[in-house]
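Working through the structure, step by step
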Amino acid sequence: DAENAVIKTLKYDHNYEDAHYEHNRVDAVAMERLTFSPHIIDIYGFCGHTVFTEFADVPRFGRMADKLKNWDKLRIARDIAQGLTDVHGIDGKEQVTFVHFDMNLANVVSSKGTAKLNDFNIGIMVKRNITNGGQCGFPSKYPNPQWRSPEEALNSQYLN
């Protein structure tokens with residue numbers, strides 16, 4: 001049974017800058033580390049600005065959310081919640097070491113009837129304080145108000 005796949009790459013009109021390489025590296029590392037999760041798009045390969053992933057058979061849910069039945073919305077919400085649990089538990093349930101940081105319906109797709117998280121390129125790999133072992137906070141990078149967390153809305157200097 002052959003599987004469909006997709007190749008994503010940087011648009012030709014974008015500049016090849018170090019920041020774009022780092023965003024794509026974070027995206028690929030996160031997807032690779034999350035291959036255990038049925039609620040994350042699978043990655044098959046990565047090089048520079050190009051990633052080879054599982055094909056999403058339904059476009060982004062953000063484009064069709066208003067057309068879904070309530071039962072389908074609940075199923076999608078359950079899948080998203082499980083996906084976020086897997087993201088935050090990437091290194092075990094006791095310590096959050098990765099944050100998606102761009103959670104919105106435009107980054108949720110479907111494959112074979114399961115809602116899956118995608119697009120980890122602005123995610124944060126959380127660092128630990130070597131003195132006390134606690135999480136280090138991280139600054140808010142993208143102030144888009146529609147996706148801000150409560151901590152960002154309260155203007156917290158560092159998020160955790």
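Scroll up for the structure.
These remarks concern the structure in this document. (Residues numbered from 1 in each chain as written. Predicted model: local features only at pLDDT ≥ 70, side-chain atom pairs only at ≥ 80, totals over all residues. Heavy atoms only, no water.)

1. Re the pattern of salt bridges
Any two side chains of opposite charge can pair, so long as their charged atoms come close to each other. Filter applied, for reference: The working definition used for a salt bridge is a side-chain nitrogen of Lys or Arg within 4 Å of a carboxyl oxygen of Asp or Glu. A run of H or I in DSSP counts as a helix once it spans at least four residues, and a run of E counts as a strand once it spans at least two, with each numbered from the N terminus. Only protein chains enter the calculation, and the probe is 1.4 Å; a residue is then buried if its accessible area is under 20% of its type maximum, exposed if over 50%, and partly exposed in between.
For the coordinates displayed, the defined rule picks out 5 salt bridges. Here R25 ties to E22 by a salt bridge, and the two come within 2.7 Å at their closest N and O atoms. One end of the pair, R25, and the other, E22, are both in helix α1 (residues 18-33), 3 residues apart, so they sit about a helical turn from each other. You can call R25 partly exposed: its relative accessible area is 33%. The salt bridge partner of D79 is R78, with a shortest N-O separation of 2.9 Å.

2. Thoughts on the sheet that holds strand β2 (residues 43-47)
Test applied: Note on pairing: DSSP must find at least two bridges between two strands before they are called paired. In this description, a line fitted to the C-alpha atoms serves as the axis of each element, helices being fitted only across the stretch in contact, and the angle between N-to-C directions of two axes falls anywhere from 0 to 180 degrees. Should any heavy atoms of two residues lie within 4.5 Å, those residues are considered in contact.
Pairing within the open sheet is antiparallel, and its 3 strands lie in the order β1-β3-β2. The outermost strands of the open sheet, each flanked by one partner alone, are β1 (5-8) and β2. Across the sheet, the mean angle separating the axes of adjacent strands is 10 degrees when strand polarity is ignored. Across 4 bridges, β1 lies against strand β3 (residues 50-54) in antiparallel orientation. Considered in β3, the bridge of I7 is made with F52. Across the face of the sheet, α1 comes into contact with β1, β2 and β3 while running at roughly 155 degrees to β2.

Purely geometric stuff here, so don't read any function into it on its own.
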